[in-house]
Amino acid sequence: MTTKHIAQVERENSRHWVGDGFPVRNMFSYDNLGAELSPFLLLDYAGPADFDPTTKSRGVGAHPHRGFETVTIVYQGDVTHRDNAGNAGTIGPGDVQWMTAAKGILHEEIHGPILKEQGGTLEMVQLWVNLPAQDKMSAPRYQDILNVNIPTVSFDHNAGTLRVIAGEFQNIRGPAKTFTPIELWDVRIHAGHDIDLQFKTGFTTAILVLSGKINVNDRSELQSAEFALFEREGDTVRLHAHDDTTLLVLHGEPIDEPIVGQGPFVMNTQEEIRQAATDFKAGLF
Ligand code: MN
C-alpha cells in the first residue's frame, strides 16, 4: 500500500444559475482540467438551496446534448426530466439518473412535483462523463437508478457507509452501466472516524466534499464545496472525519483522446462540434 497524494485542491464559493431552478457551484470543468480529470468532464454542485412553493415550472427548458453522459445525483428535493424521445421521470433523494446523450438528445430538467408544490430544499450534483470517440455517436440511453437498487456497504466500527452507484467496492457491484471503467461512490463518514479507500494506480481519482469536514492523508483539510484531485500514482487514501461528512468519490480510467467542447456538445474535433450545431439547427436531435 502506498499513499495516494493530493495533486490539487479546488474550492468554489460563487454560484451561478442554470436556468431558474439550479443555483450551482461549478467544481471543475474540462476547460482547465480536461486531461487531468478524464473521463470526467464537469461537475456542478447545485444547492443546498431553499425554494418556496410555486405554480410555475422552475429549471432548464429544452436543450441538447451530444457526445457524453450526464449523471444526476439527488440528495434533497426532486427533479423531473423529460425529453424529445418521450422519456420522462422524477428522481428524489438517493436516486440517480445516468443519461447517455451520445449522438444526441433534447431534454428539459425541472424541479419535481414535491419541490414545486410544497417547496423545500434542493441539493444535487450533475456530473458529465465523457464517452470514448467510438461511442460518441451511439444511441442515447437512460438508466434511472433508484435508491433502493444502490447497494450500501457499511464500514467497520460504525465508521460510516458507502453506496456503490457505479463500479465496485469490496466486490460489491453498483447498478450503473458505464462505457469505460468508472467507480462512483456516495460516502458518509461519521464524526471522529477514519476510513481507508483503495484505488487503482493510473486511474483518475477525485473526492468532492458536500457537507462536513475531513482530513485527507492526515494533512489537507477539506470542507463543503471543496474537492481534491489526486496523483495517478499510489493506491490508498485515508480520510478522517471531523464532522459527519458526505462526500462523492470519482474514480475512472482516463480516456486519452482530444476533448473539444462547446456548450452542450463535447466531441473530439472542431469539425464534430460544427456538425453538432448544424444537426441541432436542422432538427436532427
Ligand atoms: Mn441537460
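These figures come from a predicted structure and were not determined experimentally. (Residues numbered from 1 in each chain as written. Predicted model: local features only at pLDDT ≥ 70, side-chain atom pairs only at ≥ 80, totals over all residues. Heavy atoms only, no water.)

(A) The layout of surface pockets, seen in detail. Approximately 250 Å³ is the volume found for the largest pocket. Considering the residues around the largest pocket, the lining is formed by 14 residues, among which Val 18, Asp 44, Val 60, Glu 109 and Gln 126 are closest to the centre. Classifying every residue of the lining of the largest pocket by side-chain character gives nine nonpolar, three polar and two charged. Of the pockets and cavities examined, the second largest pocket occupies roughly 210 Å³. What lines the second largest pocket is Glu 168, Phe 169, Gln 170, Glu 183, Trp 185, Asp 196, Leu 197, Gln 198, Phe 199, Lys 200 and His 251. Taken together, the elements giving at least two residues each to the lining of the second largest pocket come down to strand S15 (168-169), strand S17 (182-189) and strand S18 (194-198). The dominant element in the lining of the second largest pocket, judged by the number of residues it contributes, is S18, at three residues. Broken down by class, the residue content of the lining of the second largest pocket amounts to four nonpolar, three polar and four charged. (1 Å grid on protein atoms, 1.4 Å probe; cavity = no way out; pocket = protein on both sides within 12 Å on 5 of 7 lines; lining within 4 Å. Points joined across faces, edges and corners; volume = space filled by probe spheres on them. Nonpolar A, V, L, I, M, F, W, Y, C, P; charged D, E, K, R; others polar. Helix = DSSP H or I, 4+ residues; strand = E, 2+ residues; numbered from the N terminus.)

(B) Quick look at the pairing of strand S10 (residues 105-111). Burial analysis of S10 places six of its seven residues in the buried class, which makes it a mostly covered element. Where strand S7 (residues 79-83) and S10 come together, five bridges link them in antiparallel fashion. Paired with Thr 80 across the bridge in S10 is Ile 110. (Buried < 20%, exposed > 50% of the residue type's maximum accessible area, 1.4 Å probe, protein only. Pairing = 2+ DSSP bridges.)

(C) Summary view of the coordination of the manganese ion. Surrounding the manganese ion are the protein donor atoms His 63 (NE2), His 65 (NE2), His 107 (NE2) and Glu 109 (OE), at 2.2 to 2.3 Å. Within one chain, the residues serving as donors to the manganese ion are arranged as H-x1-H-x41-H-x1-E. In this pair, His 65 is assigned in strand S5 (residues 59-65) and His 107 in strand S10, connecting sequence segments 42 residues apart. Grouping residues by exposure puts His 65 and His 107 together as buried. (Donors = N, O, S within 2.8 Å, 3.2 Å for Na, K, Ca; no water.)

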